[in-house]
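# Understanding the architecture of this molecule
Residue-level listing of the chains:
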Amino acid sequence: MKNLIYVLFAIMIYTAVNAQSISVGPQLGLFKTVDADKVELLPGGAVRINFDKVSIEGAFYSKTEKYFNGEMVAKSNPVVITGIFYVLPFVYGEFGIGWYNTKYDYSDSMAVAFGVKSETTKDKGYHLGAGAQLNVGPFLLTGDLRYVFLNSSSTVFVKSSYYTLVVGLMYKF
């Protein structure tokens, strides 16, 4: 795993040197895990290395989900890498991979009833989606709709795959 991260980092540095532009900025999204109680906010940030017909994006988010009327809370900070392929100059398809280090906290009543303890899992997920971008002066306004395929290794069975709608405002260098 560590070697993969080094290889990906080296590829990103190499491509950044040859990129047409690099965009950096905040992102804000909405997501709903299948079994979660409600739609939640997904704040984060991203770096996008832009070429003519493709881009590579690295992003991080802060994600909190509540299950069973708040009896279980899952907190994670996903780190994702996405390949972006332009269908039109402003419309693209995307796919990528993400790493999810998730901490599950259970209420006392749930811990007693089901015999579970707080735990941390390390999972890998994949995502597929589409998006659009608009050049506004030195900024890049982005909007993505993704489906994340994630199977948590948590001891409590919950469906952890989710849809996300993310908008971003990135500064182009």
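Above this text is the structure in question.
Please read all numbers here as calculations on a predicted model, not as lab measurements.

## Observations regarding unusual backbone geometry
The residue Phe-68 is not glycine, and still its phi comes out positive at about 55°. Along the chain, Phe-68 turns up in the loop between β4 (63-67) and β5 (72-76). One non-glycine residue with positive phi stands out, namely Asn-69, at about 55°. When you line up the elements, Asn-69 lands in the loop between β4 and β5.

## Topic: the packing of aromatic side chains
Any pair of aromatic rings gets described here by the distance separating the centres and the angle formed by the planes. Tallied over the entire structure, the rule returns eight aromatic pairs. Between Tyr-67 and Phe-68 the ring centres are 6.4 Å apart and the planes differ by 45°, which places this aromatic pair in the tilted class. For Tyr-67, a relative accessible area of 2% puts it in the buried group. Residue classification places Phe-68 among the partly exposed positions, given a relative accessible area of 40%. Ring geometry for Phe-85 versus Phe-95: centroids 5.6 Å apart, planes at 10°, classification stacked. Of this pair, Phe-85 sits in strand β6 (residues 79-88) while Phe-95 sits in strand β7 (residues 91-106), and the two are ten residues apart along the sequence. Residue classification places Phe-95 among the partly exposed residues on the basis of a relative accessible area of 47%. Grouped by ring-pair contacts, the aromatic residues Phe-139, Tyr-171 and Phe-173 constitute a single cluster.

## Examining empty space enclosed by the protein
Counting across every chain of the model gives two cavities of 30 Å³ or more. By volume, the largest cavity is sized at about 80 Å³. Around the largest cavity, the lining residues are Leu-42, Tyr-61, Pro-78, Val-80, Tyr-100, His-127, Arg-146, Val-148, Tyr-162, Thr-164 and Val-166. Take the lining of the largest cavity: its biggest share by element is three residues, from strand β10 (residues 162-172). Here the lining of the largest cavity is built from residues that sort into eight nonpolar, two polar and one charged. Estimated volume of the second largest cavity: approximately 40 Å³. Considering the residues around the second largest cavity, the lining is formed by Lys-63, Glu-65, Tyr-67, Ala-74, Ser-76, Thr-102, Tyr-104, Leu-150 and Ser-160. Breaking the lining of the second largest cavity down by element, the ones donating at least two residues are β4, β5 and β7.

The rules behind each value
Residues numbered from 1 in each chain as written. Predicted model: local features only at pLDDT ≥ 70, side-chain atom pairs only at ≥ 80, totals over all residues. Heavy atoms only, no water. Helix = DSSP H or I, 4+ residues; strand = E, 2+ residues; numbered from the N terminus. Phe/Tyr/Trp six-rings, centres within 6.5 Å; stacked < 30°, edge-to-face > 60°. Buried < 20%, exposed > 50% of the residue type's maximum accessible area, 1.4 Å probe, protein only. 1 Å grid on protein atoms, 1.4 Å probe; cavity = no way out; pocket = protein on both sides within 12 Å on 5 of 7 lines; lining within 4 Å. Points joined across faces, edges and corners; volume = space filled by probe spheres on them. Nonpolar A, V, L, I, M, F, W, Y, C, P; charged D, E, K, R; others polar.

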